Amino acid sequence: MTRVTSTLPAGTRAIEVRDLHKYFGDNEVLKGIDFHVDQGQVVCVIGPSGSGKSTLLRCVNRLEEPTSGTILVEGVDICDPEVDLDEIRSRIGMVFQSFNLFPHLSVMRNLTIAQQRVRRRSKDEAVEIARNNLAKVGLAGKEDAYPAHLSGGQQQRVAIARALSMDPDMMLFDEPTSALDPELVGDVLGVMRDLAADGMTMMVVTHEMGFAREVGDKLVFMDGGVIVEEGDPREVLANPQHSRTQGFLSKVL
Amino acid sequence: MKKSTRRRLVRGLLYAVLVGAVVLLALIADWEAIRQNFLSGEVMGELWPEVLTVGVKNTVIYTVIAFAGGLALAIVLALMKLSPIAPYRWIATAWIEFFRGLPALVVILAFGFAVPIAFSWRPPGGSVGAGVLALVIVSSAYIAETLRAGIQAVPKGQFEAARSLGMTSGRTTFSIVLPQAFRIVIPPLTNEFVLLIKDTSLLFVIGAAIDERELTTFSRDALTQYANSTPLIVAAAAYLIITLPLTRLVARLERRQQKAR
C-alpha cells in the first residue's frame, strides 16, 4: 500500500479548532470547543447522542456553518470568505453514517465523478485510481454494481474508497459503523485500521470503543456541547477522571 | 336469519339493481338513433384518414411542444424557487401561483387575443402558436411544482456527499441532485403529460387553419359539417387510444418505485 503523503511535516496541526460555538436556533450545541488533530494522528470522538460530536466533525469541512470561533485546516482558516472552500473540501475525505453513495451511478462512476470534475483527472487515470482504491477496501470486481445491490458494509467501504480516490490529506468519519448490521462492522473497521496504519490523519466520531482503544492516538469525550475529557484512549477508557465520562463509559462498555 | 345468509341476500339484491338498471337503459335507449347519430359508418369513412393525419398528428405535436417547452421552463423555475436569492424565489412563486390559479382556457384566450393587442406582438405560428405558447406557460407552472417536490425528495446527504468531495453547488445540482429528482418525478410527469394531451383540446377556442386543427377542433368542425355526432365518438376513441396506455404506464411506474423503496 502506498503511504499517504502530505506537503506538511509530521506534527503540524491538520485540524485546529479554537473556541467554536454553534447554535441551531436558540439551542447552543457547541459551547466553546478547543480541539486539534495533529498530522498523522487518529483522534476518536465519543459521547452520548446530542453531545455535539457530529456537529463538531461537520464543522471541520463546513457542512455546518460555525456560529463563532476559528477552524484551521492545515493552517488555513476555512471560514475566511476569500478561501476556496471546494478546494479545501476536496482534500478532506468524509464518510457518513448513512454512506450517501450516489444511487443513480455505478460504483465506478461514484469513485470517478469527483476525480474528473473536481480534480480534472483524465478518465483513464481516474479509473485506475478508483480500481486501486476498490482493491484496497476489498471490493475489486464490484466496479459495475449499483449501490442498491451492495450490503451496507460494502456500501460503506465503497464510500471510503470514493473519499480516498480524491487523495485526501485527512479523513473525517461520522459514525461510520452505526448504521451497519453487527456482522458487517468488522469489515469497515478493518479498512479504517489499514488506513490508520498507513499514516492517514483521521477524525472519527464513533461508538466503537475497541477501535478507539486499539487504533486511536487520542480520545475525546464530549457531553452537552463541551469537551469533558481527552487523552490517551487506553488511559481514558481504563481510568476516566470525570464523573460524566465514568457514567457514559459504564453504560457502553 | 344467519349473518352469512343475510350478507348473501344483500349482495344478490345489489346485483339485481345493477342488472335492472342496465336492462332499463337498454330498453329506453333509441338504438337506431344512436347508431345513426353516433356510430355512422358513412361519416367515419369521411373522417378517415384526416382524423389521423390532421387531428391526432396535431394533438400529439402540440402536446410534445407544450410539454418540452414547459419542462425546460419548469427546470429554471424550480431552481429559482429553491434559490438562496430571495427575489428569484419571489418571481418563481408568483409565476407558479399565477398560472396555476388561472384556468388554462383563460390563459389561452389571453395569449390568443389579449397579448397581441397589448404588446403589439404576434407569437410565432399565428393564433395556434399563441395557444401552444399559453400551454407551455401553464404546464411550466405545474411541472415546476412537481420538480421542486422531486428535488426536495432527494436526501440531503446526497448534496452533502457531493459537496464534501469538493463539487461546486452547480455541479452537485446537475450531476447528483437533478438526475435523482427526475427519477422520482417520472410518474407525476407522465401524468402531467396526459393532462396536457387533454388540455390541447382547449385550443379549439382560438381557431386554426384546416391543417393546423387538433383532434377536438377537427371533430367539432366535422360535427357541424355532417350534422352528426359520430366525429365526437371518433375523437373520444382517439384520445383514449393515446391516454390509456400512458395512464397504465404511470400506474406501472408507480408500482415499481414503491417496490424499489
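Student: Would you mind showing me how to read the packing of helix α5 (residues 152-164) of chain A against helix α6 (residues 182-197) of chain A here?
Tutor: For any two helices packed against each other, the geometry is given by the interaxial angle and the distance between the axes. Residues and elements named next belong to chain A. Axis separation between α5 and α6 bottoms out at 8 Å; the angle between their running directions is 20 degrees. Judged by the inter-axis angle, α5 sits roughly parallel to α6. Remark: the crossing between α5 and α6 carries right-handed chirality. Only Leu 184, Asp 187, Val 188, Val 191, Met 192 and Leu 195 of α6 make contact with α5, whose side of the interface consists of Gly 152, Gly 153, Gln 156, Arg 157, Ile 160 and Leu 164. Broken down by class, the residue content of the contact of α5 with α6 amounts to seven nonpolar, three polar and two charged.

Student: I'm lost on the sheet that holds strand β6 (residues 92-95) of chain A in this one. Help?
Tutor: Strand pairing in a sheet relies on backbone hydrogen bonds, with the paired strands running either antiparallel or parallel. Residue and element names in this part refer to chain A. Taken in spatial order, the six strands line up as β6-β7-β8-β3-β9-β10 in an open sheet, and their pairing is mixed. Two strands bound the open sheet, and with one partner strand each, they are β6 and β10 (226-231). On average, adjacent strands in this sheet sit at an angle of 15 degrees to one another, irrespective of strand direction. Relative to strand β7 (residues 170-174), β6 runs parallel, the two sharing four bridges. Within the sheet, the bridge partner assigned to Val 95 lies in β7 and is Phe 173. Lying over the sheet, α6 contacts β3 (42-46), β7 and β8 (201-205), oriented at roughly 145 degrees with respect to β8.

Student: Could you clarify how one ought to interpret the interface of chain B and chain A in this entry?
Tutor: Interface size is often expressed as the accessible area that is lost when the parts come together. The interface is formed by 18 residues belonging to chain B together with 22 residues belonging to chain A. Carbon and sulfur atoms supply 60% of the area buried between chain B and chain A, which totals about 1700 Å² over both sides. It is Glu 160, Ser 164 and Leu 165 of chain B that lose the most area in chain B upon contact with chain A, and together they represent 34% of the buried surface on that side. Connecting chain B to chain A are two salt bridges. We note a salt bridge from Arg 58 of chain A to Glu 160 of chain B, for which the minimum N-O separation is 2.6 Å. On the surface where chain B and chain A come into contact, there are six residue pairs in polar contact (both at pLDDT 80 or more). For the side of chain B that touches chain A, the elements supplying multiple residues, two or more each, are α8 (156-164) and α9 (169-199) of chain B. For the side of chain B that touches chain A, the class distribution of residues is six nonpolar, seven polar and five charged.

Student: I tried to follow the nonpolar core on my own but got confused; where do I start?
Tutor: Grouped together as the largest cluster of nonpolar side chains are 55 residues, with contacts concentrated most on Phe 67, Phe 111, Ile 143, Leu 147, Leu 203 and Leu 215 of chain B. Elements with a minimum of two residues in this core: α3 (41-47), α4 (50-81), α5 (86-101), α6 (104-118), α7 (126-153), α9, α10 (215-226) and α11 (230-260) of chain B. Residue contributions to this core peak at 13 residues, all from α7 of chain B. Beyond its immediate sequence surroundings of up to four residues, Leu 203 of chain B is in contact with Tyr 62, Ile 108, Gly 131, Val 132, Leu 135, Glu 214 and Thr 217 of chain B. Within the second largest apolar cluster, 46 residues are counted, among which are Cys 44, Leu 101, Val 107 and Ala 196 of chain A.

Student: Where do I start with the environment of Pro 116 of chain B in this structure?
Tutor: Residue and element names in this part refer to chain B. For Pro 116, the location among the structural elements is in helix α6. As for Pro 116 and Leu 244, which are separated by 128 residues in sequence, their C-alpha atoms are 37 Å apart. If sequence neighbours within four positions are ignored, Pro 116 has contacts with Ala 110, Phe 111, Trp 121, Arg 122 and Pro 123.

Student: Looking at this structure, I do not really get the side chain of Ser 164 of chain B. What am I missing?
Tutor: Within the secondary structure, Ser 164 of chain B sits in helix α8. Residue classification places Ser 164 of chain B among the buried positions, given a relative accessible area of 3%. Discounting chain neighbours no more than four positions away, the residues touching Ser 164 of chain B are Asn 61, Arg 89, Ser 90, Ile 92, Met 94 and Phe 96 of chain A.

Calculation rules
Residues numbered from 1 in each chain as written. Chains lettered and ligands numbered in written order. Predicted model: local features only at pLDDT ≥ 70, side-chain atom pairs only at ≥ 80, totals over all residues. Heavy atoms only, no water. Axes fitted to C-alpha atoms, helices over the stretch in contact; angles between N-to-C directions. Helix = DSSP H or I, 4+ residues; strand = E, 2+ residues; numbered from the N terminus. Parallel < 35°, antiparallel > 145°, perpendicular 65-115°, else oblique. Left-handed = near helix turned anticlockwise from the far one by under 90°. Contact = heavy atoms within 4.5 Å. Nonpolar A, V, L, I, M, F, W, Y, C, P; charged D, E, K, R; others polar. Pairing = 2+ DSSP bridges. Buried area = accessible area lost by both parts, 1.4 Å probe. Salt bridge = Lys/Arg side-chain N within 4 Å of Asp/Glu carboxyl O. Polar contact = N/O pair within 3.5 Å; in protein donor to acceptor, adjacent residues only side chain to side chain. Core = buried A, V, L, I, M, F, W, Y, C linked by side-chain atoms within 4.5 Å. Buried < 20%, exposed > 50% of the residue type's maximum accessible area, 1.4 Å probe, protein only.

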